[in-house]
Amino acid sequence: MNTEFFAAWIDEIAATVRARRDHLTELDAAIGDADHGANLDRGFTAAREALAGASPPTPGALLVLVGSTLIRKVGGASGPLYGTAFREMGKAFGEAAEVSPAELSAALDAALSGVRRLGGAAEGDKTMVDALAPAARALAQAVRDGLKAEEALDAAAAAAGQGAEATIPLQARKGRASYLGPRSIGHEDPGAASTALVLGALKAAASR
Amino acid sequence: MKKLINDADSIVTDALRGIAAAHPSLRVDLAGRVVFRADAPTPGKVGLVSGGGSGHEPLHAGFVGYGMLDAACPGEVFTSPVPDQIIEAAKGVDGGAGVLQIVKNYTGDVLNFEMAAELAGDEGVEVATVLVDDDVAVRDSLFTAGRRGTGATLFVEKIAGALAETGAPLAEVARAAREVNERSRSFGVALTPCTVPAAGKPTFELSDAEIELGVGIHGEPGRTRAPMREAREIVRTAMDAIHADLPLSGETLVMVNGMGGTPLIELYIVFAEVEAYLREKGATAVRSLVGNYVTSLDMQGFSVTTCSLTGELTRLWDAPVETPALRWGR
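All residue numbers refer to position in the chain's written sequence, counted from 1. All chains are assigned letters beginning at A, and all ligands numbers beginning at 1, according to the order in which they are written. With the structure being a predicted model, the display of local features is reserved for residues of pLDDT at least 70 and the display and counting of side-chain atom pairs for 80 or more, all residues being used for whole-chain, interface and lining totals. To get the side-chain values, take all heavy atoms of the structure and skip hydrogens and water.

Caption draft 1: How the structure looks around the overall build of chain B. On a plain count of helices and strands, chain B comes out with 8 helices and 14 strands. Two things to know: the radius of gyration comes from C-alpha atoms, and the globule rule equals 2.2 Å times the number of residues to the power 0.38. Taken over C-alpha atoms, the radius of gyration comes to 19 Å for chain B, in line with the 20 Å a tight globule of 330 residues would show. The principal-axis extents of the C-alpha atoms in chain B amount to approximately 55 × 50 × 40 Å. Burial here depends on accessible area, computed with a 1.4 Å probe over protein chains only, as a share of the maximum for the residue type. Under 20% is buried, over 50% is exposed, and the range in between is partly exposed. In chain B, buried positions account for 58% of the 330 residues. Here, two residues are considered to be in contact whenever any of their heavy atoms come within 4.5 Å of each other. Put simply, 73% of the contacts in chain B that link residues at least 6 apart link residues at least 24 apart. Using the Shrake-Rupley algorithm and a 1.4 Å probe, accessible areas are obtained, with residue cover drawn only from the displayed protein chains. For chain B, the exposed area adds up to about 12,200 Å²; of that, 52% sits on carbon and sulfur atoms. Across chain B, the centroid of the 29 positively charged side chains sits 4 Å from that of the 44 negatively charged ones. Helix and strand labels come from DSSP, where a helix needs a run of H or I of at least four residues and a strand needs a run of E of at least two; each type is numbered from the N terminus. Working convention for charge: Lys and Arg count positive, Asp and Glu count negative, and His plus the chain ends are omitted. By convention, charge coordinates are those of NZ in Lys, CZ in Arg, CG in Asp, or CD in Glu.

If you want it as C-alpha cells, here you go:
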C-alpha cells in the first residue's frame, strides 16, 4: 500500500462521510448535540484539500498531514481524537514508501493507543474505541493468518461495523452521551459509527 | 426550520461580522475567529481567555471587555473551538502576567484547550486552566466525563475578571476562579428542544404535556422526562437537586437564565419561586441576575445557578464591568 492508496482512502472517507452526514448527525442528535456529521464532513473535506495542495511524498507524511488538518479544522472531541489517530498511524509508518498489512496493523494499534490515551475511554464505554479496538484486533489476526491485503482490510472493516452496532445496548460512560445516563442505552454511538465508515473506506480504497 | 440566517454553514462568521459592527470596544479577527478587547493586551494584567461552541450567546463573546474576559474563541455551533484559535487568543492577550483559560468541562473543550495550552507554552506564554463543572444533573464519577460546565461559567468569568483587573498574579486569579466553581451549582429544565441550523430539525421531540429535567446547554435530552407542571413545582425540583448536592445557606448569588426562547416574564416568575425557596432554606439571594446569558439556541426553558458568596467574592462581583452583555459600575 503506497501513498496513492492512502490518498484514495482519504478520498473515500470524505465521500462516505458526505453521503452519510445526515445519518451521523441523527445518531448524534439522539444522544449528543447533533453536530457529528457536519464536523466530520468539514474536517475530511479540508483534509482532502490539504492533500491536493501539498502532495506529501510518503504514506506516513500523508497521514500526519491529514491528522494535523483534522485537529486544526474540526473542533469538538472528534477533531483531536481522529486527528491523533491519523497522526499516530502516520508516525508509525515512518519514512516507508510502501507499507505491508503487518505495518498497517501496527499503525492501527498505535492509533488506538493514541485515542485511548487522549480520551481516556476503554472498550465498552460507548465511544469510537468500541469500533477501533475490534478492528485493530481483527487486522492483527488476519495478518497472523497470512490473509491477503484485501481480505485483511475486509476483516478489519467488518469488525469495526460489528463493534459499532454492539454499542447500541451500552450505557455511555465517556463523551457527551454519558450525560444521559441510562437514556443513552438503545442508540448507536455516533463516534463508533463514523469509525466504522472510516475503516470501511479502507476496504473501498483497496478495491479501487 | 425558520431562522434568520443566510446560510447554515456561515452562521458563525456572519454573526461575528455583526458583533464587530455593533461593538467598537471589541476587535474581531474574522479569519482567526477570535474576539478580543480592542485594546488587548493589557500590560501586567493576567489575560482571561474563554471559548466554546457557538449557540450560547451572549456567552462568550458578549463577556469580552473591562472587568471580564480579554478574548473569546467561538467554535462552530455546539462544537468547541480548535487549538489554532485558542493559541492566537492566548498570544494576543498575554500582557506579560500569563493567561487563564476558563474551560467548560466537555471532552471536546478540554482536549482542544489542553492542546492549545501546551503549544502556547512552547511559545513562551504561561497558561493556567480552570475547568467549570457546576451541573448537578450529571452524576460525577471517576469513570465518566464528569459534570458539565453551564451557568457558573458566567460567575467564574466575572469574578476572575474583576480580580485580574486589580493586577493579581495568575495563581491568585486561578485560585479565585476555582473557588467560584466549587461554590456554584446549576440545574437546567427544557420545555422544548432547540434546532441546530446545520441539522435543520429539533434535537428531540417533546409533547406539550412534557418537560425535560436536567438538560445541559446543547439541546441534548436531560436525565429524565416529566409531566409539565406549574412553575412553582418545576423550580422546586430544580432547587431540590441543587440543595441536595450543596446545601443552600447564607448569602447567595443567583442567576435565573433563559435558554434563548423563554419570555423574560416567565424568567421573573421562576426567579420569584427560586427566591422563596432560598428563604425557606435560610439562604438569601443578595445578588441576582435574570435574563438570557448562557443559552441553547432557541430552546425554551431555564437554568438556575447558585453561588455561595464570601465577602471577597461579593466585592469582586460588584466590581465594575463593561462588556456587551454585562455592564455596571463604570
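Caption draft 2: Representation of the sheet that holds strand β4 (residues 71–77) of chain B. All names here are of chain B. In spatial order, the strands read β1-β2-β4-β3-β5-β6; together these 6 strands make up an open sheet with mixed pairing. On the outer flanks of this sheet lie β1 (26–29) and β6 (127–132), each paired with one strand and no other. Shown here is a sheet whose adjacent strand axes are inclined to one another by a mean of 20 degrees, direction ignored. Pairing between two strands is assigned when DSSP locates at least 2 bridges connecting them. The pairing of strand β3 (residues 47–54) with strand β5 (residues 99–104) spans 4 bridges and is classified as parallel. Along β5, the bridge assignment pairs Ser-50 with Ile-102. Throughout, an axis means a line fitted to C-alpha atoms (over the contacting stretch in the case of helices), and angles, computed between N-to-C directions, take values from 0 to 180 degrees. Packed onto the sheet, helix α3 (residues 107–122) meets β3, β5 and β6 and runs at close to 165 degrees relative to β5.

Caption draft 3: Layout of the domain arrangement of chain B. Residues and elements named next belong to chain B. Here the bounds of each domain stem from an automatic or database domain assignment. Parsing chain B into structural domains produces domain 1 (8–182) and domain 2 (184–309). Contacts between the two partners involve 28 residues from domain 1 and, on the opposite side, 33 residues from domain 2. Take the accessible area each of two parts loses on contact, using a 1.4 Å probe, and add the two losses: that sum is the buried area. Of the roughly 2,400 Å² buried at the junction of domain 1 and domain 2 (both faces included), carbon and sulfur atoms supply 65%. Of all residues in domain 1, the largest losses of buried area upon contact with domain 2 belong to Phe-78, Val-136 and Phe-155, amounting jointly to 26% of the total for that side. We define a salt bridge as a side-chain nitrogen of Lys or Arg found within 4 Å of a carboxyl oxygen belonging to Asp or Glu. Asp-245 is the partner of Arg-147 in a salt bridge, and the nearest nitrogen-oxygen pair spans 2.5 Å. The set of elements that each furnish at least two residues to the side of domain 1 that touches domain 2 consists of α4 (152–165) and α5 (170–182).

Caption draft 4: Spatial organisation of the packing of aromatic side chains. Ring pairs are drawn from Phe, Tyr and Trp, using the six-membered ring of Trp, whenever the two centres fall within 6.5 Å, and their geometry is named by plane angle: stacked under 30 degrees, edge-to-face over 60, tilted for the rest. For the structure shown, the criterion picks out 9 aromatic pairs over all chains. With 5.9 Å between their ring centres and 70 degrees between their planes, Phe44(A) and Phe86(A) make a pair best called edge-to-face. Of this pair, Phe44(A) sits in helix α3 (residues 36–54) while Phe86(A) sits in helix α5 (residues 78–93), and the two are 42 residues apart along the sequence. With centroids separated by 5.4 Å and ring planes inclined at 55 degrees, the aromatic side chains of Trp317(B) and Trp328(B) adopt a geometry described as tilted. With Trp317(B) in helix α8 (residues 311–318) and Trp328(B) in strand β14 (residues 327–328), this pair connects stretches of sequence that are 11 residues apart. With relative accessibility at 26%, the residue Trp328(B) sits in the partly exposed group.

Caption draft 5: The pattern of salt bridges, seen in detail. Applying the stated rule across the entire model yields 38 salt bridges over all chains. Within this structure, Glu172(B), Arg175(B), Glu179(B), Arg183(B) and Glu312(B) form a network of salt bridges that share partners.

Caption draft 6: Focus on the interface of chain A and chain B. Every contact between the two is made by 33 residues of chain A and, on the other side, 38 residues of chain B. Taken together, the two surfaces of chain A and chain B that pack against each other cover about 2,600 Å², and 55% of this comes from carbon and sulfur. If you sort the residues of chain A by the area they bury against chain B, Arg176(A), Tyr179(A) and Arg183(A) come out on top, with a joint share of 28%. One can count 3 salt bridges joining chain A with chain B. Under this definition, polar contacts are N or O atom pairs within 3.5 Å; protein pairs additionally need one hydrogen-donor-capable and one acceptor-capable atom, and for neighbouring residues in sequence, both atoms have to be side-chain atoms. At the boundary of chain A and chain B, one finds 10 residue pairs in polar contact (both at pLDDT 80 or more). When contributions to the side of chain A that touches chain B are tallied by element, the ones reaching two or more residues are α2 (21–31), α3, α4 (59–73) and α5 of chain A.

Caption draft 7: Structural detail: the sheet that holds strand β10 (residues 250–258) of chain B. Residue and element names in this part refer to chain B. Pairing is mixed in the open sheet, where 6 strands are placed in the order β9-β8-β7-β12-β10-β11. Looking along the sheet, the strands with just one partner apiece sit at the ends: β9 (224–227) and β11 (283–291). Going across the sheet, the axis of each strand differs from the next one's by a mean of 20 degrees, ignoring polarity. In the sheet, strand β7 (residues 184–190) pairs with strand β8 (residues 210–213) via 2 bridges, with the strands oriented antiparallel. Paired with Val-189 across the strands is Leu-213, a residue of β8. The sheet strands contacting helix α7 (residues 264–280) are β10, β11 and β12 (301–308), and the helix crosses β11 at an angle near 170 degrees.

Caption draft 8: How the structure looks around the side chain of Asp135(B). All names here are of chain B. Among the structural elements, Asp-135 can be located in the loop between β6 and α4. Overall, Asp-135 belongs to the buried group, its relative accessible area being 1%. A polar contact of 2.9 Å, which involves the side chain of Asp-135, links it to the backbone nitrogen of Ala-137. At a separation of 2.6 Å, a polar atom in the side chain of Asp-135 contacts the side chain of Arg-148. Those residues in contact with Asp-135, other than ones at most four positions away along the chain, are Arg-147, Arg-148, Thr-150, Ser-186, Phe-187, Val-215 and Gly-216.

Caption draft 9: Expanded view of helix α6 (residues 231–245) of chain B. Residue and element names in this part refer to chain B. The terminal C-alpha atoms of α6, which comprises 15 residues, lie 22 Å apart, in line with the 21 Å expected from a rise of 1.5 Å per residue. Within α6, the full set of buried residues consists of Ile-234, Val-235, Ala-238, Met-239 and Ile-242. Projected down its long axis, α6 shows its buried positions confined to an angular sector of 125 degrees, all on one face. Taken together, the buried residues of α6 touch β7, β8, α7 and β12. Helix span, as expected, comes to 1.5 Å for every residue beyond the first. By construction, the arc corresponds to the directions joining the helix axis to the C-beta atoms.

Caption draft 10: Examining α4(A) more closely. Helix length check: α4(A) (15 residues) gives 21 Å between terminal C-alpha atoms against 21 Å at 1.5 Å per residue, within 8%. Of all the positions in α4(A), only Pro59(A), Gly60(A), Leu62(A), Leu63(A), Val66(A), Gly67(A), Thr69(A), Leu70(A) and Ile71(A) are classed as buried. Along its buried surface, α4(A) packs onto α1 (3–19), α3 and α5 of chain A together with α2 (83–93) and α3 of chain B. Following α4(A) by one or two positions, Gly75(A) has its phi on the positive side, about 75 degrees.

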